[in-house]
Amino acid sequence: GATSGEATLVMNIPTEGGWIIYAKISGSEPQVDNAALAQLVGGSARFSGEATAGSGKPMLISRASLNSPLLQLGLSGRMTGDGRAELTGSGRHSAYGAFTGAAQLAADGPHAALHFVDPFPAGGVTDVDLALDPSAENKATIGTLDLQPLARCQASGQAPGPVAQGLDTEAQ
């Protein structure tokens, strides 16, 4: 979709040398066209953030946020001296609940780790960790999901809480 936004840039060049630049951005995308992203955010999104960079200093990202009908996310990060981008953040998704995460874009590809506090309360699934890490074949792999709270479910569906009837998670 069409993204609109605005930015304020301030650059300081002191007489003793060096430089520093400060940027504040905000904007919106009224209609997200990518189907997967639209499903994740709820069709539209607003974003804002601040960044600073200077001679001899890494670029810092602060007070970055993404707000949409389904997702609220706060981020901060930096560009490291070796060219990696690092981000950390936390937020809440309407379907998956609260989460925290960290991501890094390195020479070998994207790396990320997400922790969902209570993504499926009806099933008793809590504390879920997902990881994205490039493999030797440049493929992304998702970490394992521990369904231990569901391991007590019987084929008859006799489990505490509103778990789907007929769910069988017993090891074969």
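To start, this report covers the structure provided alongside it. (Residues numbered from 1 in each chain as written. Predicted model: local features only at pLDDT ≥ 70, side-chain atom pairs only at ≥ 80, totals over all residues. Heavy atoms only, no water.)

**What about the overall build of the protein chain?**
Okay, so step 1: When its secondary structure is counted, the protein chain shows one helix and 10 strands.
Okay, so step 2: What you see in the protein chain, going N to C, is helices and strands ordered as β-β-α-β-β-β-β-β-β-β-β.
Okay, so step 3: Counting every position in the protein chain, which comprises 172 residues, the buried fraction comes to 21%.
Okay, so step 4: Pairs at least 24 residues apart make up 22% of the contacts formed inside the protein chain by residues separated by at least 6 positions.
Okay, so step 5: Carbon and sulfur atoms provide 59% of the accessible area of the protein chain, an area that totals close to 11,100 Å². (Helix = DSSP H or I, 4+ residues; strand = E, 2+ residues; numbered from the N terminus. Buried < 20%, exposed > 50% of the residue type's maximum accessible area, 1.4 Å probe, protein only. Contact = heavy atoms within 4.5 Å. Areas by Shrake-Rupley, 256 points an atom, 1.4 Å probe, with all protein chains shown as cover.)

**What about a nonpolar patch on the surface?**
Okay, so step 1: On the surface, M11, I13 and W19 cluster together into a nonpolar patch covering about 340 Å² of accessible area.
Okay, so step 2: Tracing the chain through its elements places W19 in the loop between β1 (4-12) and β2 (20-29). (Patch = residues over 30% accessible without salt bridge, like charges linked within 9 Å, V, L, I, M, F, W, Y side chains within 5 Å. Salt bridge = Lys/Arg side-chain N within 4 Å of Asp/Glu carboxyl O.)

**A few points about the packing of aromatic side chains**
In this description, a pair of aromatic rings is defined by centroid distance and the angle of the planes.
Okay, so step 1: Using the criterion set out here, one finds two aromatic pairs in the structure.
Okay, so step 2: Measuring from ring centre to ring centre gives 6.3 Å for Y96 and F116, while their planes differ by 70°; the resulting arrangement is edge-to-face. Taken together, the residues span a long stretch of sequence, with Y96 in the loop between β6 (85-93) and β7 (97-106) and F116 in strand β8 (residues 109-116) at a distance of 20 residues.
Okay, so step 3: Taking the relative accessible area as the measure of exposure, F116 reaches 13% and is therefore buried.
Okay, so step 4: Ring pairing ties together the aromatic residues Y96, F99 and F116, which thus form one cluster. (Phe/Tyr/Trp six-rings, centres within 6.5 Å; stacked < 30°, edge-to-face > 60°.)

**Some details on the environment of G1**
Okay, so step 1: As for its placement among the helices and strands, G1 is situated in the segment before β1.
Okay, so step 2: Using a relative accessible area of 44% as the deciding quantity, one classes G1 as partly exposed.
Okay, so step 3: Distance from G1 to E29, taken between C-alpha atoms, is 6.5 Å for residues 28 residues apart in sequence.
Okay, so step 4: Residues within four places of G1 in sequence aside, it is in contact with E29, Q31 and D33.

**Observations concerning the pattern of salt bridges**
Okay, so step 1: A complete count under the given rule lists four salt bridges for this structure.
Okay, so step 2: One salt bridge connects E86 with R78, and the closest N-O pair in it is separated by 3.2 Å.
Okay, so step 3: The salt bridge partner of R84 is E86, with a shortest N-O separation of 2.9 Å.
Okay, so step 4: On the basis of relative accessible area, R84 is assigned to the partly exposed category, the value being 24%.
Okay, so step 5: What makes E86 partly exposed here is its relative accessible area of 21%.
Okay, so step 6: One salt-bridge network, in which partners are shared between bridges, spans R78, D82, R84 and E86.

**Quick look at the nonpolar core**
Okay, so step 1: V32, A38, V41, L71, L73, F99, F116, V125 and V128 form the largest nonpolar core, which has nine residues in total.
Okay, so step 2: Only α1 (35-41) and β5 (71-79) provide two or more residues apiece to this core. (Core = buried A, V, L, I, M, F, W, Y, C linked by side-chain atoms within 4.5 Å.)

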